[in-house]
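# Remarks on the overall topology
Spelled out from the first residue to the last, the chains are:
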Amino acid sequence: MPELPEVETIVRQLNKKVKGFKLTDAWTDWPKTIKTHSLPQFRKEIKGREILHVKRRAKYIIIKLSGHKTMAIHQKISGHLLYGKWIPRKELIKLKDKELISKIKNNDKFDNQKWLPAENGPLADDPFNRHIRFILFLNNGKMIGLSDLRRFGKIYLADNDKIGSVGDIGRLGPEPLDPKFTFKKFKELFKNKKGKVKQVLMDPFFIAGIGNIYSDEILWYSGILPTHRVESLDTQDLKKIYKYIKFVLKKAIKAKGDSEQDYRKLDGTKGDFQNMTKAYQKTGQKCSKNDGGIIKRLKVGGRSAHYCPIHQK
Ligand SMILES: [Zn+2]
């Protein structure tokens, strides 16, 4: 699932590409994606609205529109937004691009997709970009598409002052990269908190945006076992975790996210963080601290945790 760095990357890239353009229409073959409106209502509501600004709250992409409306998109497990151009399948034959046509015709991965990429490149080549279930059309002829293999993505539209009450936005924990999120505030979160540290860090109502990848990485850097109970963490431990939350998330944003699984950048290419991970999915490999440890995996609350049994205590 995309976590804070992946969502932040998409948000930054959307601001560069789509700010100032107007929405002309929307399409989906999976109307359940839109949680607040029927598809006809949604299309009517967004038509002609300008994209003023895109920001992030936890793992939500928040799109501010003209006329006091806000759209919120949660990409969930396999969803990722892409920017480009797609055409209806029946129009494909009108294209002159023989290479693209034969590529699509000879690839059954496109079998259920009603809109196909109009150009050669990562939107056509990478199977993870071939599950377009939702499209926002822009007045520059381009589109924002949601590729969502498992169809869990969610889209909300509300008045600006109501957006805080859609989905679970109103209940989310603090933003770890907010400069106002001081160590003092971080420490206070742990008062009366119980549980295994990995599970606690992954709880979106405790702290926003950290999932399976980044909880493993943060704990590897902090030298703390994923199963360590938060009741027994001392101030020094918390200081390390606080420091490495910021360090790891910033490093991953710089790398433009982790594309080991479904996530891709807005243009359909891969981020780089999967080449920098220390613990996540490194089972059986030597710990890069050269401490003789071999990365192990265990289950914590139904999720896989990866850790070094030597330097993580
Ligand atoms: Zn180690």
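Because the structure is predicted, anything quoted here is derived from the model rather than measured.

## Some words on helix H7 (residues 212-222)
In terms of burial, H7 is largely enclosed, as 11 of its 11 residues are buried. Looking at H7, one finds that the buried residues are Asn212, Ile213, Tyr214, Ser215, Asp216, Glu217, Ile218, Leu219, Trp220, Tyr221 and Ser222. Of the surrounding secondary structure, the elements contacted by the buried residues of H7 are helix H1 (4-18), helix H6 (197-201), helix H8 (235-254) and strand E12 (303-307). Where H7 ends, the next residue or the one after it, Gly223, has phi of about 70°, a positive value.

## Section: the coordination of the zinc ion
Note on the zinc ion: its protein donors are Cys287 (SG), Asp291 (OD), Cys308 (SG) and His311 (ND1). The metal-donor distances range over 2.0 to 2.3 Å. The coordination sphere of the zinc ion comprises four donor atoms, whose angles at the metal cover 101 to 120°; the geometry is tetrahedral. Along the chain, the residues that donate to the zinc ion are spaced as C-x3-D-x16-C-x2-H. In this structure Cys308 comes out as buried when scored by relative accessible area, which is 0%.

## Structural notes on the pattern of salt bridges
Enumeration over the complete set of coordinates arrives at 14 salt bridges. In this structure, Lys193 and Asp203 form a salt bridge, with 3.8 Å as the shortest nitrogen-oxygen distance. On the criterion of sequence distance, the pair formed by Lys193 in the loop between helix H5 (183-189) and H6 and Asp203 in the loop between H6 and H7 is long-range, its members being 10 residues apart. According to the relative accessible area criterion, Asp203 is partly exposed, its value standing at 22%.

## Brief notes about the sheet that holds strand E2 (residues 51-57)
Pairing is antiparallel in the open sheet, where four strands are placed in the order E2-E3-E4-E10. Single-partner strands in this sheet number two, and they are E2 and strand E10 (154-159). With strand direction ignored, the average angle separating the axes of adjacent strands in the sheet is 20°. With six bridges joining them, E2 and strand E3 (residues 60-65) adopt antiparallel strand pairing. Directly across from Val54, in E3, lies its bridge partner Ile63. Contacts from H1 reach E2 and E3, with the element oriented near 170° to E2. Across the sheet, helix H2 (residues 39-46) lies against strand E4 (69-74) and E10, angled at about 55° from E10, the strand it touches most.

## Here's the deal with the domain arrangement of the protein chain
Often, the extent of an interface is quoted as the loss of accessible area upon association of its parts. Assigned domains within the protein chain: domain 1 (4-171) and domain 2 (183-307). If you average the C-alpha positions of domain 1 and of domain 2, the two centres end up 29 Å apart. Of the residues lining the interface, 26 residues belong to domain 1; the matching set on domain 2 comes to 21 residues. Carbon and sulfur atoms make up 65% of the area that domain 1 and domain 2 hide from each other, which totals about 2,000 Å². Considering only the side of domain 1, the residues that lose the most area to domain 2 are Leu4, Pro5 and Glu6, jointly responsible for 26% of the buried surface there. Counting across the domain 1 and domain 2 interface gives one salt bridge. The shortest N-O distance in the salt bridge between Asp126 and Arg264 comes to 2.5 Å. For the pair domain 1 and domain 2, the number of links is eight residue pairs in polar contact (both at pLDDT 80 or more).

Cut-offs used in this document
In this numbering scheme, every chain counts its residues from 1 along its sequence in written order. In keeping with the model being predicted, local features are shown solely for residues with a pLDDT of at least 70 and side-chain atom pairs are shown and tallied solely at 80 or more, while totals for entire chains, interfaces and linings include all residues. The basis for the side-chain values is all heavy atoms of the structure; hydrogens and waters are excluded. Each residue is placed in one exposure class: buried if its accessible area under a 1.4 Å probe, protein chains only, is under 20% of its type's maximum, exposed if it is over 50%, and partly exposed if it falls in between. By definition, any uninterrupted DSSP run of H or I lasting at least four residues is a helix, any uninterrupted run of E lasting at least two residues is a strand, and each is numbered from the N terminus. Here, two residues are considered to be in contact whenever any of their heavy atoms come within 4.5 Å of each other. For Na, K and Ca the donor cutoff is 3.2 Å, while for all other metals N, O and S atoms must lie within 2.8 Å; water is not among the atoms, so some sites may look incomplete. Site shape is set this way: if four donors have all angles between 85 and 135 degrees, tetrahedral; if opposite donors are over 155 degrees apart and all others between 65 and 115, square planar for four donors and octahedral for six; otherwise irregular. The rule for a salt bridge is simple: a side-chain nitrogen of Lys or Arg has to be within 4 Å of a carboxyl oxygen of Asp or Glu. At least two DSSP bridges between two strands are required for those strands to pair. To get an axis, a line is fitted to the C-alpha atoms, and for a helix only the part in contact is used. The angle between two axes follows their N-to-C directions and goes from 0 to 180 degrees. How far each domain reaches was decided by an automatic or database domain assignment. Here the quantity called buried area is the total loss of accessible area, with a 1.4 Å probe, experienced by two parts when brought into contact, counted for both. Counted as a polar contact is a pair of N or O atoms within 3.5 Å, where, for protein atoms, one must be capable of donating a hydrogen and the other of accepting one, and residues adjacent in sequence contribute only when both atoms are in side chains.

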